[in-house]
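Per-entry structural report
So you can see what is in the structure, the chains are spelled out below.
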Amino acid sequence: MLGLVVLFPLAYSIKLSFQSYSPIIPNHTGQWVGMDNYQRILHDGDFHHSLIVTAIFVVVAVSLETVLGVVVGIAIDRLRRMRRFATSALLLPMILTPLVVGLMFNFALNAQFGYLTWVFNTLHVAGGDGVLNGSVGALVALIFIDVWEWFPFVALMVVAGLQTIPKEPLEAASIDGASTRQVYWHITLPLLRPILGIAILFRATEAIREFDKVFVLTGGGPGSATAVNDLYQYRVSFLNWDLSYGAALGLVTFAAVLALSFLMYRSLRRKETAR
Amino acid sequence: MAGISFRDATRRYAGTNAAAVSGLNLEIHDGEFMVLVGPSGCGKSTTLRMLAGLEEVDTGEIYIGDREVSQLPPAARDIAMVFQNYALYPHMTVGDNMGFALRMAKVPKSERDRKIQEAAKLLGLEEYLDRKPKQLSGGQRQRVAMGRAIVREPSVFCMDEPLSNLDAKMRVRTRTDIASLQRELGVTTVYVTHDQVEAMTMGDRVAVMNEGVLQQVDTPLALYDRPANLFVAGFIGSPQMNLLDGVIDDGAVRVGGYTLSGTPGSWPRNGRVTIGVRPEAWRIVPAEEDGISIEVNVVEELGADGFAYGTSSNEATPHHVIVRVANRYSVRKGDVLRLAVDLDKAHVFDTETGQRLST
């Protein structure tokens with residue numbers, strides 16, 4: 001079963017990536033072309049552009065999610081009442097399917113009748129023709145939506161992490177003369193680092209593979225301003241039907257994500273054992 | 001340096017009837033080593049945490065020196081605390097742990113380092129300054145916790161069962177280390193423990209607590225020699241004091257058919273009382289003399305001396321009696337011993353109120 005659903009497609013893409021195959025492009029009938037597809041990646045400006053877009057998206061979104069998640073998580077932890085309510089409310093954006101999230105914001109940001117567009121216009125931020133139609137605005141909107149959707153995940157990890165932190169070092173620090181803020185900064189946050197690291201790892205690997213929201217909201221546009229890596233691959237494979245090149249792109253991305261998450265995981269482990 | 005004064009200090013947890021600490025009045029002198037002792041739940045830790053500012057004072061006041069501190073945050077009280085599980089900062093090195101309070105107080109780095117070095121030298125931690133707490137043994141962590149308290153040069157040390165996570169041998173050694181360190185530094189210290197041996201050996205004075213109420217404060221020997229009530233009598237001393245049912249009858253004190261030897265005193269009243277006899281206060285007498293007979297069940301040999309545990313045949317004390325036996329092998333299981341006690345070595349308590357009646 002595993003072989004059928006994992007190994008076969010993987011092996012097939014590897015084979016495909018050394019061929020030249022497309023169902024619609026003439027003369028691409030599956031000839032062996034060796035490393036041609038991979039060489040093409042090196043000179044593919046659109047691909048490089050998609051990497052930059054992805055990098056901006058991942059770094060900015062995940063950073064904001066982390067900061068916001070930590071702040072909100074700590075705030076919830078300090079609540080004396082309504083804590084369960086706040087925690088459940090946090091879950092809401094996360095349990096919506098990404099597609100629904102995309103559609104929700106598609107309405108909200110619609111240039112003609114979106115209520116967020118109306119808010120922006122009233123406040124005179126962003127141009128009059130809809131946030132999603134500006135190249136910067138579209139990327140900002142995507143990042144904003146990703147943060148809205150996923151900072152609760154980090155916040156929940158923080159709430160859970162705070163429960164596991166022993167109380168005594170925090171008390172010791174307050175006796176040692178640290179203010180509440182200093183206790184959080186010097187003691188709580190460092191103790192939360194392992195769990196935060198895992199949260200960031202999760203979010204980063206997810207954000208690198210972002211597709212749904214971009215597909216629904218901007219389709220990668222305007223132009224290719226929001227064409228993140230996955231969307232670019234989609235364009236190559238299923239708009240241009242250049243399946244072989246698409247397979248090569250997919251494999252390179254796969255290898256890169258694997259290496260990246262492995263590096264992050266290892267640096268996390270190293271900090272752990274150094275204690 | 002400063003003395004400490006609890007004035008009617010009370011702590012009540014929400015949703016409970018009894019106060020965790022109720023109306024505590026306690027004066028601790030400047031430089032004194034005060035031990036708070038009692039069974040778990042007696043309020044000793046709560047008392048310490050109230051002093052440290054980790055627990056609110058619901059009514060009453062606490063003074064450190066002449067400063068009323070009960071509404072101040074922990075940071076403003078100029079105290080240092082050693083926790084039961086040390087509460088070291090796991091992500092910092094030993095040196096950073098010890099220097100944290102100084103860093104918070106914005107002490108310049110050079111002076112900080114000098115003080116850390118000094119404390120490390122005092123505690124034998126010099127070679128561990130760059131290690132993380134996880135890489136240290138229990139005893140070393142305990143010393144780091146001490147070091148963290150020492151570098152601050154606070155006016156009060158608070159110690160919450162700092163030895164209970166150590167093994168027995170380490171505990172005895174650290175016990176004397178802490179006591180002599182405290183004497184050397186002369187810092188007023190409040191030390192919480194449930195172990196009456198720790199209390200007796202370390203404290204200048206000992207405060208015995210039970211169910212949130214202070215029972216007695218005195219020097220260790222005075223507590224041992226003149227326990228103020230039945231609780232203190234039973235709590236201080238190991239093995240425990242024998243507590244026997246007795247009566248006062250025209251000035252004489254009797255346990256069953258046995259009348260304690262000595263001149264009859266003047267007692268506030270006749271009637272039922274509880275007689276306390278320390279294991280070493282018994283005299284083993286020939287069988288024909290007046291006394292209480294016990295049949296020995298167990299003999300605990302400790303080397304220098306031993307304790308015999310027996311069952312009394314006296315109808316008034318159908319329970320266990322413990323007696324110290326000085327000579328090796330002089331007593332065996334199954335022996336019948338005749339025990340007598342002088343009135344001036346026995347403690348007489350009111351059975352109803354638990355208060356001490358003998359002078």
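Look a little higher up for the structure.
Description of the structure in this document. (Residues numbered from 1 in each chain as written. Chains lettered and ligands numbered in written order. Predicted model: local features only at pLDDT ≥ 70, side-chain atom pairs only at ≥ 80, totals over all residues. Heavy atoms only, no water.)

Here we come to the overall build of chain A. Secondary structure assignment for chain A yields 12 helices and 2 strands. The linear arrangement of helices and strands in chain A, starting from the amino end, is α-β-β-α-α-α-α-α-α-α-α-α-α-α. When the backbone C-alpha atoms are referred to their principal axes, chain A occupies close to 75 × 55 × 35 Å. Relative to its 275 residues, chain A shows a buried fraction of 43%. Across chain A, the fraction of contacts at a sequence separation of at least 24, relative to all contacts at a separation of at least 6, is 66%. For chain A, the exposed area adds up to about 15,100 Å²; of that, 69% sits on carbon and sulfur atoms. The positive charge centre, built from 19 side chains, and the negative charge centre, built from 17, are 9 Å apart in chain A. (Helix = DSSP H or I, 4+ residues; strand = E, 2+ residues; numbered from the N terminus. Buried < 20%, exposed > 50% of the residue type's maximum accessible area, 1.4 Å probe, protein only. Contact = heavy atoms within 4.5 Å. Areas by Shrake-Rupley, 256 points an atom, 1.4 Å probe, with all protein chains shown as cover. Lys, Arg positive; Asp, Glu negative; His and termini not counted. Charge placed at Lys NZ, Arg CZ, Asp CG, Glu CD.)

Often the size quoted for an interface is simply the accessible area lost on bringing the parts together. Contacts between chain A and chain B engage 17 residues on the former and 24 residues on the latter. Carbon and sulfur atoms supply 63% of the area buried between chain A and chain B, which totals about 1,900 Å² over both sides. Between the two partners, chain A and chain B, sit 2 salt bridges. Between B:Arg49 and A:Glu171 there is a salt bridge, with the nearest N and O atoms lying 2.7 Å from each other. Counting every contact that joins chain A to chain B gives 9 residue pairs in polar contact (both at pLDDT 80 or more). Secondary-structure elements contributing two or more residues to the side of chain A that touches chain B are helix H8 (168-175) and helix H9 (180-208) of chain A. Looking at side-chain class alone, the side of chain A that touches chain B contains 9 nonpolar, 4 polar and 4 charged residues. (Buried area = accessible area lost by both parts, 1.4 Å probe. Salt bridge = Lys/Arg side-chain N within 4 Å of Asp/Glu carboxyl O. Polar contact = N/O pair within 3.5 Å; in protein donor to acceptor, adjacent residues only side chain to side chain. Nonpolar A, V, L, I, M, F, W, Y, C, P; charged D, E, K, R; others polar.)

Moving on, we come to the packing of aromatic side chains. Residues and elements named next belong to chain A. Here the structure, examined in full by the defined rule, presents 12 aromatic pairs over all chains. Between the aromatic rings of phenylalanine 8 and tyrosine 12, the centroid separation amounts to 6.0 Å while the plane-to-plane angle is 25 degrees, which identifies the pairing as stacked. Linking phenylalanine 8 with tyrosine 12, this pair stays in helix H1 (residues 2-17), spanning 4 residues, or about one helical turn. Overall, the relative accessible area of 53% leaves phenylalanine 8 in the exposed class. Owing to a relative accessible area of 40%, tyrosine 12 belongs among the partly exposed residues under this scheme. (Phe/Tyr/Trp six-rings, centres within 6.5 Å; stacked < 30°, edge-to-face > 60°.)

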